[in-house]
Amino acid sequence: MPTVTPVRPVVVRPVDDDVAAIVALNNRFAPEGLTLPRTPAFVQAHLDDFRIVRGARGDVVGQVALDEYSPSLVELVSLAVAPEAQGKGLGVALIEAAVALAAKRGYPRIIAVSLAATPFLRAGFVQSNLDDFPEKTWRYKAVSRSELSIGRKHLFVRPLDAPAGRA
């Protein structure tokens, strides 16, 4: 019997025509507090910071983005995988793509806030504490006070062996 090698999801940079699909996928999870709501204007302005996975029909079924706090800190945000595409390794592939992009841009570390610990721990992140990142606390206060009180979420950090410069 032939051995079947699983196909790794292909993570790509989105194009302008993907903005509406990115907004729709991201905002599908916002009512549950899993993502922050995004507008088309926000996504368009930050399109270079997003990475996506396309489904068999070319539709956006997964996404992730980077959000810079300072030249020394970036956050992995807007991680979302369509329910019908979950369980196929897309989340881990998107996390790895965000880490690679952050390293390429020269950030020394990346943080992430998530309800799910396992994919981040598998990707080399370690659990940390919100108090270690006052930039994140300030951002939460500016965006949504309710985000500060969500005790189910975990903060993760991963140091990066990043080359100098931004890509």
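Not measured: the values here are computed from a predicted model.

## Topic: the sheet that holds strand β1 (residues 11-12)
Next, step 1: The sheet built from 7 strands is open, its strands ordered β1-β2-β3-β4-β5-β7-β6 with mixed pairing. Two strands lie at the open edges of the sheet, namely β1 and β6 (126-128), each paired on one side alone.
Next, step 2: Bridge count for β6 against strand β7 (residues 154-159) is 3 bridges, and the pairing is antiparallel. Looking at β7, one finds that S128 is bridged to L155.
Next, step 3: Across the face of the sheet, helix α3 (residues 90-104) comes into contact with β1, β2 (50-54), β3 (60-70), β4 (73-81), β5 (109-114) and β7 while running at roughly 155 degrees to β4.

## Some details on the pairing of β5
Next, step 1: When β4 meets β5, the two strands line up parallel, connected through 3 bridges. Bridging from a neighbouring strand, L76 pairs with A112 of β5.
Next, step 2: Between β4 and its parallel partner β5, the chain crosses via α3, and the hand of that crossover is right-handed.
Next, step 3: When β5 meets β7, the two strands line up antiparallel, connected through 6 bridges. In the strand pairing of β7, S114 is matched with H154.

## Structural notes on the layout of surface pockets
Take a probe with the size of a water molecule and roll it over the atoms, and the empty space left behind shows itself.
Next, step 1: Considered as a void within the structure, the largest pocket measures approximately 810 Å³ in volume.
Next, step 2: Residue assignment for the lining of the largest pocket shows that the elements contributing at least two residues are β3, β4, α3, β5, α4 (118-122) and α5 (134-143).
Next, step 3: Element by element, the count of residues in the lining of the largest pocket is highest for β4, at 7 residues.
Next, step 4: Class assignment for the residues of the lining of the largest pocket results in 22 nonpolar, 9 polar and 9 charged.

## A word on the pattern of salt bridges
Next, step 1: Following the criterion strictly, the structure yields 5 salt bridges and no others.
Next, step 2: Between R57 and D59 there is a salt bridge, with the nearest N and O atoms lying 3.1 Å from each other.
Next, step 3: When its relative accessible area of 26% is taken as the criterion, D59 is described as partly exposed.

## Notes on the confidence of the model for the protein
Next, step 1: Chain-level statistics for the protein give a pLDDT mean of 86 and a share of 84% at 70 or above.
Next, step 2: Across residues 162-167, where pLDDT falls below 50, the model places 16 contacts with residues more than four positions away in sequence or in other chains.

The rules behind each value
- Residues numbered from 1 in each chain as written.
- Predicted model: local features only at pLDDT ≥ 70, side-chain atom pairs only at ≥ 80, totals over all residues.
- Heavy atoms only, no water.
- Pairing = 2+ DSSP bridges.
- Helix = DSSP H or I, 4+ residues; strand = E, 2+ residues; numbered from the N terminus.
- Contact = heavy atoms within 4.5 Å.
- Axes fitted to C-alpha atoms, helices over the stretch in contact; angles between N-to-C directions.
- Right-handed = clockwise from strand over helix to strand, strands pointing away.
- 1 Å grid on protein atoms, 1.4 Å probe; cavity = no way out; pocket = protein on both sides within 12 Å on 5 of 7 lines; lining within 4 Å.
- Points joined across faces, edges and corners; volume = space filled by probe spheres on them.
- Nonpolar A, V, L, I, M, F, W, Y, C, P; charged D, E, K, R; others polar.
- Salt bridge = Lys/Arg side-chain N within 4 Å of Asp/Glu carboxyl O.
- Buried < 20%, exposed > 50% of the residue type's maximum accessible area, 1.4 Å probe, protein only.
- pLDDT = per-residue confidence, 0-100.

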